[in-house]
Amino acid sequence: MSDGEATTGPDALRERYGPRAQVSESFGEITVDVQADDWIDLLESARSEGYEFFDWLTAVDDPPDGFSIVAHVFDPVSHARLLLRTRIPRADPRLPSAVGVFRGADWHERETFEMFGVIFDGHPNLIPLLLPDGFEGFPLRKDFVLAARVAKAWPGAKEPGESDHGSPSRRKTLPPGVPADWGRDG
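Residues numbered from 1 in each chain as written. Predicted model: local features only at pLDDT ≥ 70, side-chain atom pairs only at ≥ 80, totals over all residues. Heavy atoms only, no water.

A.B. asks: Would you explain the overall build of the protein in this entry?
C.D. replies: Of regular secondary structure, the protein possesses 5 helices and 7 strands. Helices (α) and strands (β) of the protein occur, in sequence order from the N terminus, as α-α-β-β-α-β-β-β-β-α-β-α. Put simply, the protein has 186 residues, and 35% of those count as buried. Surface exposure of the protein reaches about 11,500 Å², of which carbon and sulfur atoms provide 53%. (Helix = DSSP H or I, 4+ residues; strand = E, 2+ residues; numbered from the N terminus. Buried < 20%, exposed > 50% of the residue type's maximum accessible area, 1.4 Å probe, protein only. Areas by Shrake-Rupley, 256 points an atom, 1.4 Å probe, with all protein chains shown as cover.)

Structure below.
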């Protein structure tokens, strides 16, 4: 076992972060879960322990409760990877910004804000990044309606009777997540 493995293994991480964190290992990937109040402390601790490379940050929509915020950091000396995770409620999706710890979190927090509606308090420039001006909603939330599936039919025959072969048609159904009153001719 190398020195890098000794200081970054699950047992060493449990000792380092104490009872405020849950450390687990799955498929060789170490994950540290903390409460939202400990998010910045966790990021600072990981950075001070050699995880200096910020790889990515995103959200995972987990209805009905809220979101998991997940960051991946890397130690370039020991080649160790670490997943950092916290949960925030759907009713008030807020978390302190990680930009003060990792400058590279800037773009990732802006994308997560735009796609999931998570507000990163203290972010220096939390403005839309990818979507067109005037876009409404958060497209990566599971409750976001994919209106394009209603407005424009999926190409090709996907249901019996939707081809030119004369087969009988069955009742048309809307795509998952589309409200029943959308796209109906009245």
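A.B. asks: Whenever I open this one, the packing of aromatic side chains confuses me. Can you help?
C.D. replies: The geometry of an aromatic ring pair is captured by two quantities: the separation of the ring centres and the angle between the planes. This model, assessed by the stated rule, comprises 4 aromatic pairs. Ring centres 6.4 Å apart and planes at 90° place the aromatic pair Phe 53 and Phe 74 in the edge-to-face group. Taken together, the residues span a long stretch of sequence, with Phe 53 in strand E3 (residues 53-62) and Phe 74 in strand E4 (residues 66-75) at a distance of 21 residues. On the basis of relative accessible area, Phe 74 is assigned to the partly exposed category, the value being 22%. (Phe/Tyr/Trp six-rings, centres within 6.5 Å; stacked < 30°, edge-to-face > 60°.)

A.B. asks: What am I meant to see in the pairing of E4 here?
C.D. replies: Within E4, 9 of the 10 residues are buried, which leaves it mostly tucked inside the rest of the structure. Judged from the 9 bridges that link them, E3 and E4 form a sheet pairing that is antiparallel. Paired with Asp 62 across the two strands is Gly 66, which belongs to E4. Counting the residues in the hairpin turn of E3 and E4 gives 3 residues. As defined by bridge partners, E4 adjoins strand E5 (residues 80-89) across 10 bridges and the pair is classed as antiparallel. Directly across from Ser 68, in E5, lies its bridge partner Arg 87. Linking two consecutive strands that pair antiparallel, namely E4 and E5, is a turn of 4 residues; a positive phi of about 60° is found at His 79 within it. (Pairing = 2+ DSSP bridges.)

A.B. asks: I keep staring at the sheet that holds E3 and nothing clicks. Help me out?
C.D. replies: Think of a sheet as strands paired side by side through backbone hydrogen bonds, with each pair either parallel or antiparallel. One open sheet accounts for 5 strands, arranged E1-E2-E5-E4-E3; its pairing is mixed. This sheet does not close on itself; its edge strands, each paired only once, are strand E1 (21-26) and E3. If you compare each strand with its neighbour and ignore which way they point, the axes differ by 20° on average. On top of the sheet, helix H3 (residues 39-48) reaches strand E2 (29-34), E3, E4 and E5; it is set at about 175° to E5, its chief contact. Where helix H4 (residues 105-116) meets the sheet, its contacts fall on E3 and E4, and the angle it forms with E3 comes to roughly 10°. (Axes fitted to C-alpha atoms, helices over the stretch in contact; angles between N-to-C directions. Contact = heavy atoms within 4.5 Å.)

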